[in-house]
Amino acid sequence: MNKRIKMIFPVPMSDATRPLVESQLPTSLLRPDIEVSFVGAGQVMTLADSYYDMALMELAVIEAGIQAEEQGFDAVCINTVSDSGLAALRSRLSIPVLAPGLAAFHTACMLGHKFSVLTMWPRWYPLYRKTIKEYGLEPRLASIRSIDVRPDTEALLQGKETVVFARLLEAAWQAIEQDGADVIVLGSTTMHQSHAYLSEHLPVPVLNPGVIAYKQCEMLLDLGLSHSKAAYPSPEQNKDAAFIH
């Protein structure tokens, strides 16, 4: 029987944005026995540019994920490196719940000694500092490098490749040569269009976080594993009405 993975993008998706988001999983990586469904979350577009926006994303992702088991999904994959809603959904659900920051940062530690996060703008720095501290990975972080370009959650990097890719490459080289990074992690799933270019032009692994999280979801399903309920205990009482209106 085929397995189903619910991929939660942390903001609403327009008809124009959906194919750009879905393209982060190339057909060559998809399996015929696993069905993936991308869903947008929330009612408002956010840029995660503040703690206020981070709270909105957290609520949106939780709301989009809490019914996953009832809907017949076998796993949830959160599609934002902020890992919004991860702990809450692991508490609420029994099926595996993974997120790109958790997956990519730990994979980077398996592939090298120090990793750098390569991101669009400094306003996203608190997202990485929060999760990296929670995961106890601060000693393995070489740096966070930004190209100081305001992200576009509708067009992603489309139409900006010539300028953005070159700036990302320059920042990645600075992380390697000046900060001692031997692995580069893209700081957003919306940056996936730059992955092939950077991988071709850099001498170290470049991790595409959305893909890593998705493939680790597949691995957990193959192995029959899920998160520990000792670590993420279920609530005594279901309070889904607080999220679903």
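Whatever comes next refers back to the structure up there.
A quick note: this is a predicted structure, and the numbers were derived from the prediction, not measured.

Turning our eyes to something else, we now look at the packing of aromatic side chains. By the definition in use, this model includes three aromatic pairs. Between Phe105 and Phe115 the ring centres are 5.4 Å apart and the planes differ by 15 degrees, which places this aromatic pair in the stacked class. Of the two residues, Phe105 sits in helix 4 (residues 100-111) while Phe115 sits in strand 5 (residues 115-119), which places them ten residues apart along the sequence. Geometrically, the ring pair formed by Trp121 and Trp124 is edge-to-face, given 6.4 Å between the ring centres and 85 degrees between the ring planes. This pair shows no difference in class: Trp121 is buried, exactly as Trp124 is.

Let us now look at the pattern of salt bridges. A complete count under the given rule lists eleven salt bridges for this structure. Notably, a salt bridge pairs Glu218 with Arg31, separated by 3.9 Å at the nearest N-O pair. Here the residue Glu218 occupies a position in helix 8 (residues 209-223), and Arg31 occupies one in the loop between helix 1 (17-22) and strand 2 (34-40), the gap between them amounting to 187 residues. For Lys215, the salt bridge is made with Glu218, and the minimal N-O distance between the two is 2.8 Å. A residue pair is termed a helical-turn pair when its members lie 3 or 4 positions apart in one helix, as Lys215 and Glu218 do in helix 8 at three residues. Overall, the relative accessible area of 30% leaves Lys215 in the partly exposed class.

Conventions and cut-offs
- Residues numbered from 1 in each chain as written.
- Predicted model: local features only at pLDDT ≥ 70, side-chain atom pairs only at ≥ 80, totals over all residues.
- Heavy atoms only, no water.
- Phe/Tyr/Trp six-rings, centres within 6.5 Å; stacked < 30°, edge-to-face > 60°.
- Helix = DSSP H or I, 4+ residues; strand = E, 2+ residues; numbered from the N terminus.
- Buried < 20%, exposed > 50% of the residue type's maximum accessible area, 1.4 Å probe, protein only.
- Salt bridge = Lys/Arg side-chain N within 4 Å of Asp/Glu carboxyl O.

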